[in-house]
Amino acid sequence: MGRISEETRARNEEAVRTAMERMLRGELPSGGKCDLKTLAAEAGVPRTAFYARKGRDGGERPGPYQHLAEEFERRLEALREAGTIPDPRVAHIERLKNANADLQRRLNARDSEIEELKALKQLALSRIAAQQLEIQRLREQLAARPEPVGPVAAVHYLRTAEHGS
């Protein structure tokens, strides 16, 4: 690629800055990301112009719009640190990650609650079984008594049978 005129360079820089402002406001093209590739496409400049190049002597020389790429990256990082994410897809991913973490916490809490309820159920069933056995024992004691009795006499008989009197 040949050298470009100062007028073309200035026009391209202005196009990059305009595209940069739009993108940092969150106005991204359909299917585009908030990155250098999309910035180059929006500004109509080659993406390679944002990166350093090797010269014929083997040394590096800055790309014609490398300073703009660095500015874009700095501003993008500052927005991210401030909690603003201009890329709606990245913001959506962050929302989904947060929602996923919240759901995971809720799921863990429910799992813990279920385990506690299972233990409580087991304890209740054990107590019911013990009470059922006690009721059966008392009925058998009552049935072994030689004479039929009313409810009051049965209670009295059971109380005396428990105490061995």
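In the block above lies the structure referred to throughout.
Conventions adopted
- Residues numbered from 1 in each chain as written.
- Predicted model: local features only at pLDDT ≥ 70, side-chain atom pairs only at ≥ 80, totals over all residues.
- Heavy atoms only, no water.
- Helix = DSSP H or I, 4+ residues; strand = E, 2+ residues; numbered from the N terminus.
- Salt bridge = Lys/Arg side-chain N within 4 Å of Asp/Glu carboxyl O.
- Buried < 20%, exposed > 50% of the residue type's maximum accessible area, 1.4 Å probe, protein only.
- Patch = residues over 30% accessible without salt bridge, like charges linked within 9 Å, V, L, I, M, F, W, Y side chains within 5 Å.
- Areas by Shrake-Rupley, 256 points an atom, 1.4 Å probe, with all protein chains shown as cover.
- Lys, Arg positive; Asp, Glu negative; His and termini not counted.
- Charge placed at Lys NZ, Arg CZ, Asp CG, Glu CD.
- Core = buried A, V, L, I, M, F, W, Y, C linked by side-chain atoms within 4.5 Å.
- Contact = heavy atoms within 4.5 Å.
- Axes fitted to C-alpha atoms, helices over the stretch in contact; angles between N-to-C directions.
- Parallel < 35°, antiparallel > 145°, perpendicular 65-115°, else oblique.
- Left-handed = near helix turned anticlockwise from the far one by under 90°.

(A) Quick look at the environment of Gly44. Its place among the elements puts Gly44 in the loop between helix H2 (36-43) and strand S1 (53-54). Considering only alpha carbons, one finds Gly44 and Asn12, 32 residues apart in sequence, at a separation of 7.7 Å.

(B) Molecular detail of the pattern of salt bridges. If you walk through the whole model with that rule in mind, you get eleven salt bridges. Here Arg17 ties to Glu71 by a salt bridge, and the two come within 2.8 Å at their closest N and O atoms. Separated by 54 residues along the polypeptide, Arg17 in helix H1 (residues 6-24) and Glu71 in helix H3 (residues 66-81) bring together distant segments of the chain. Taking relative accessible area as the criterion, Glu71 reaches 17% and is therefore assigned buried. Here Arg105 and Asp102 are joined by a salt bridge, their closest N and O atoms 3.7 Å apart. Of this pair, Arg105 and Asp102 both sit in helix H4 (residues 88-144), three residues apart, which is roughly one turn of the helix.

(C) Just a positive patch on the surface, in detail. A surface patch of like charges, here positive, comprises Lys33, Lys37, Arg47 and Arg89. Among the residues examined, Lys33 registers a relative accessible area of 45% and is labelled partly exposed.

(D) View of the nonpolar core. One finds Val16, Met20, Cys34, Leu39, Val45, Phe50 and Phe72 to be the most contacted residues of the largest nonpolar core, which totals 19 residues. Tallying contributions element by element places H1 first for this core, with five residues. With residues near it in sequence (within four places) discarded, Phe72 still touches Met20, Met23, Leu24, Cys34, Asp35, Leu36 and Leu39.

(E) Quick look at the packing of H1 against H3. Close contact between H1 and H3 brings their axes to 11 Å; oriented N to C, the two are set at 10°. Classified by the angle their axes make, H1 and H3 are roughly parallel. As H1 packs across H3, the resulting crossing turns out to be right-handed. Where H1 abuts H3, its residues Glu13, Val16, Arg17, Met20, Glu21, Met23 and Leu24 lie against His67, Leu68, Glu71, Phe72, Arg75, Leu76 and Leu79.

(F) Inspection of H2 at higher detail. Residues of H2 that are buried include every one of Leu36, Thr38, Leu39, Ala40 and Ala43, and no others. Buried positions along H2 lie against H1 and H3. In the stretch just after H2, Gly44 is the one whose phi turns positive, near 75°.

(G) Here's a closer look at the side chain of Asn12. Tracing the backbone through its elements, the reader meets Asn12 in helix H1. On the accessibility criterion, Asn12 (18% relative accessible area) is buried. Not counting the four nearest positions on each side in its chain, Asn12 is found in contact with Ile4, Val45 and Tyr65.

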